[in-house]
Each structure stands twice: as C-alpha cells, then as structure tokens.
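Secondary and tertiary structure notes
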Amino acid sequence: MTRSNGTHGTRGTQGTLWGVGLGPGDPELVTVKAARVIGAADVIAYHSARHGRSIARSIAEPYLRDGQIEEHLVYPVTTETSDHPGGYAGAMEDFYRESAERIAAHLGAGRDVALLAEGDPLFYSSYMHMHTRLTERFDAVIVPGVTSVSAASAAVSTPLVQGDQVLTILPGTLPAEELQRRLSDTDAAIIMKLGRSYPAVRQALSASGRLDDAYYVERASTERQRVLPAADVDDASVPYFALAMLTGDRRAPARSGSVVVVGLGPGAADWMTPQSRHELSAATDLIGYGPYLDRVAVRDDQRKHPSDNTDEPARARLACELAQQGRSVAVVSSGDPGVFAMATAVLEEAEDWPGVDVRVIPAMTAAQAVASRVGAPLGHDYAVISLSDRLKPWDVIARRLAAAAAADMVLTIYNPASKTRTWQVAAMRDLLLEHRDPATPVVIGRDVSGPRESVTVVPLAKLDPDDVDMRCLLIVGSSQTRWHQADGVDRVFTLRRYPQS
C-alpha cells in the first residue's frame, strides 16, 4: 500500500518509507514538509556515484540532526559499461536489490527512513526503484518536490507555456530522430538527462529548426547555475544535471511577406504532419475553405479568413495581398495542397506579385488515406484523375480515362460528383467497362478519417452513382488488382509484378 498522507505506518511496528523530494538544488527550495520529515526520520538514505559526493545529502544537510543513521547508496557504475556478468543492467539490478534490502532492514526494525531524491521523487528519480521494491511490504509516503523543470523556467525568467500550448518532457537519451520528431510537434519542450547525450540533442534541435530558440540550463537554482543559448554549449562540458528548454513564446519567427500553402491531410489530426502544424502556428493569417479552417486551432493573435469552397482565385489573391502588407499567411488545403488543391491557385496568382514568397508544405493525400483502409490497391502504377469538368471540358476527362484504362492502370478518381454534377460517375463507369472486367473492384471512400467515414468495395459493373457524392474518392482496380474478404473485412491490393506480354 502507498499512502499520500502524513501519518505513520499501520503495519505493526514497521517503519515508514518517506520518498522526500528535495527540489532542484537550492536548500531554500526544500519544502517545509520535506524539512520536517528529514529532521524527524530515524534513517536518512541517499544515492551517490562512486566518488561518494551526494548532491541529495548536500541539499538536505541543513535539516539533518545529530544521531540519525545514514545509508549511503553508492552506484556501482554510472555509464552503460560494466564487467558485471549481466552487464550494466545486471549490475544495476543487483545494486537496487541490495539497496532495497538495506532499507528494508531499517523499516522492519521499526525505523522511519527518509529516502532523499533531487527534484521530485516520482519524476525521473532513483527513488522509484526503491519504491517499487519496498511498497509491497511497507507503507510509503511521497513528499513532492520542486522539479528542475520549474527551476529552469525561473532561471530564464520565461514562461514555459501559456494558454492552450503543449509542454513535452523528453529524455535526452532518446534517438536523435525520435527527439527531432517530437520537438517538431510541440509548442514547448524540456529535454532532461543531457550529459553525454548532448551532441544527439543538439542534432535533434538543429534538425527540427529549433536550436536557435533553445536555452541550456545547468544545475538550476544552485550557486553553479549556468544559462546559455543551447547552440553555444561545449559538448564536452555538459553534466547529467542539465537540461535544454524550448519555451512556448519562442515560436519560430514567421516569414513576413510570405505565403505558405499547408496540407492538413485527409482529416484525422494524427495524420497532419509536425511541419504543417509548425507552419500554421507561425502564421499571422489563415485562409481557406471554412470547414478546413475549423480543423485548425487558432490563437487569439491569429486571424482566420474563411470562404466558400469555389473561391480559390479569391483566396489566392487575398493571400498575396496580405503577404505584400508584411503578413505571414498560411493557406490551408485538405489532403496535399499540390493535388487538386490550393497550391496551383496560389502559385498562379503569385506570378503577378513578384515580392511575395510562396512555399508549399506537403501532406498525406486522400488517395493514400482511402487506399490504407482496404490494403494496398495503389501498389503498382496508377493514374490520378479529377472528374470535375468545372476547369476542363468533359471530352478531355473522357480521353484521359480511356487512355489510363487502356493502359491497365489503377485509377484514383477525385471529385467524382457534387450537387450540380450528377451524371459523370455513370459516364465514367460505362467508359471503363469497355476496357475492364465487370468484376473489377472499385473502392468508395467517404470522409476517411472523419466522423462520417465509410469505405465500401463494389464490382465496377455495380457501381451506383447514387452511392457517390462530393465527400467520396474512388479507386478503380486494374486487371492485377485482387479483392477478397477476411473476417468480413474487404482487402484490396494490386500485385507488384505485371505479367510479361
């Protein structure tokens, strides 16, 4: 049993294990409760490396009293190399087991033990190894402490996060690629456990474009505290008790006088890329079709410019006008902005605005999303065709459909129907049947990853135009596309090898 109150144990005459958080280093940041518990405990336990100097004991020293028993728990190794038969993991397992038994002997004899922990006992602390080994037999009480995260924020006098911003806490021991991914996808971050991992942390900060925004804080709140720009730190001088910090108000500066066309992906927030989120966060103005803009979280200092879905030229013109005024503009598209979306419209308009810089940020396409729901229908060559005849005549669409069908390519059909276009699906079906087996599978994906998602598979001959609307995307198989059901679930894939002629 683990108790969070301040009373002593109830298991007979056994003592109580106290996990005491000491804060980040300054003895004056030890809480009143922690100081009281330290002074009252029969036994004071603390860790150190083999050099014997315990940071925890030095913080707690003003609160110790004469006559207390001290249990000094010395780590056998401090790097992941060891001549122990079980390697580093084996050496540490033996150490934690032996340390737990030393503490258990005191608790069993009725002595209260204050096990000291820098920061907070349950936040990246060695205390947790004793907690899991002892609390099945003894009562434990946790005394929380001020973490190094709070101390580092105070050291730079900067708020970590504000409003709805997200703070991510990461161990620096993660692979650099994983650190980069997570740093790109958060407003603010703390990276703990630096030491020898700092070169990889620096690499991740640089690769995510956030090195220049990061602080380095060493031994926060102590007399040896150092605060530097993370880019200016000597890799060889970084101790384990240091951290890197990205604060929420240090967003990457927006590019004034620029337009970025951002793909939101097909619908699910998890499918939006970190780069897209980063660009949206940096913009001053957001332009797009109203329902697409509703998918974007907007801060109070950002302005939304929603419009109807048919106003692409007007959107592009507004984006360039705002950019010329020095604004940083993000134009949003569903799916990928370069696939039947806003990138082309903006680039066309920008030809008349020579001072406006335009960038395009890619995203997952609707075709990829629909394909994933049934397997791998796009596993070989495929063509992407829009059935909309709003910007090109139907005879061009028909020729392209016939050419792709005659070439035996899988077809991905965008914009198959709308409220005012109701006959094209039937015309397409009849044209394709001149080249395809009537049993050819057709995947109908509607609102994939959205709240009204549905995915069905039908034979080409039975494709009903009434089942298709503007929220749909179609994938029409080739002669090499296979369709079967497994446990009632449709599986569609196109063979990777095409038969020899």
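Only a predicted model underlies this, so the values are computations on that prediction, with no experimental measurement involved. Numbers given for residues are sequential positions, taken from 1 along each chain in its written order. pLDDT decides what is reported in this predicted model: residues at 70 or higher carry local features, side-chain atom pairs at 80 or more are listed and counted, and totals for whole chains, interfaces and linings draw on all residues regardless. The side-chain figures draw on all heavy atoms in the structure; neither hydrogens nor water molecules are used.

Before going further, it helps to spend a moment on the confidence of the model for the chain. Per-residue pLDDT for the chain averages 91, and the proportion of residues at 70 or more is 95%. Per-residue confidence from the prediction method is given by pLDDT, with values spanning 0 to 100. We call two residues in contact when some of their heavy atoms are within 4.5 Å. Of the regions scoring below 50 in pLDDT, residues 1–9 engages in 28 contacts with residues more than four places distant in sequence or in other chains.

Running from N to C, helix α6 (residues 176–183) and helix α7 (residues 198–207) cross one another at 40°; their axes reach a closest spacing of 8 Å. Viewed along their axes, α6 and α7 adopt a mutual orientation that is oblique. Classified by chirality, the crossing of α7 by α6 is right-handed. Together, A176, L179, Q180 and L183 of α6 and A200, V201, Q203, A204, L205 and A207 of α7 make up the contact between the two elements. Residue type decides the class: Asp, Glu, Lys and Arg count as charged, Ala, Val, Leu, Ile, Met, Phe, Trp, Tyr, Cys and Pro as nonpolar, and the leftover types, Gly among them, as polar. A breakdown of the residues in the contact of α6 with α7 according to their chemical character gives 8 nonpolar, 2 polar and no charged. Working convention: axes come from line fits to C-alpha atoms, limited for helices to the stretch in contact. Angles between N-to-C directions cover 0 to 180 degrees. Here a strand is any run of E in DSSP of at least two residues, a helix any run of H or I of at least four, and the numbering for each starts at the N terminus. Comment on the angle field: the value is read as roughly parallel under 35 degrees, roughly antiparallel over 145, roughly perpendicular from 65 to 115, and oblique elsewhere. Crossings are classed by handedness, with left-handed meaning an anticlockwise turn of the near helix from the far one by less than a right angle and right-handed meaning a clockwise turn.

This paragraph deals with the domain arrangement of the chain. Each assigned domain of the chain is listed with its residue range as follows: domain 1 (17–145), domain 2 (149–246), domain 3 (258–364) and domain 4 (367–494). Those domain boundaries reflect an automatic or database domain assignment. Taking only C-alpha atoms, the centre of domain 2 and the centre of domain 3 are 31 Å apart.

With that settled, the discussion passes to the environment of H435. The residue H435 is located in the loop between α14 (424–432) and β20 (441–446) in this model. In this structure, the C-alpha to C-alpha distance between H435 and P354, residues 81 residues apart in sequence, is 47 Å. When neighbours within four sequence positions are excluded, H435 is seen to be in contact with A402, A405 and A406.

Right, let's talk about the sheet that holds strand β19 (residues 410–414) for a bit. Any two strands between which DSSP finds at least two bridges are classified as paired. Spatially, β18-β19-β22-β20-β21 is the arrangement adopted by the 5 strands of the open sheet, whose pairing is mixed. A strand with exactly one partner marks an edge of an open sheet, and here the two such strands are β18 (382–386) and β21 (454–459). Between one strand axis and the next, the sheet turns by 20° as a mean value, whatever way the strands run. Pairing between β20 and strand β22 (residues 472–476): 5 bridges, direction antiparallel.

When a residue's accessible area, from a 1.4 Å probe over protein chains only, is under 20% of the maximum for its type it is buried; when over 50% it is exposed; and in between it is partly exposed. Among all positions in α6, only A176, L179 and L183 are buried. The arc enclosing the buried residues of α6, seen along the axis, measures out at 60°, which places them on a common side. Of the surrounding secondary structure, the elements contacted by the buried residues of α6 are β7 (167–171), β8 (188–192), α7 and β11 (242–246). Of all possible arcs, the one meant is that of the directions from the helix axis to the C-beta atoms.

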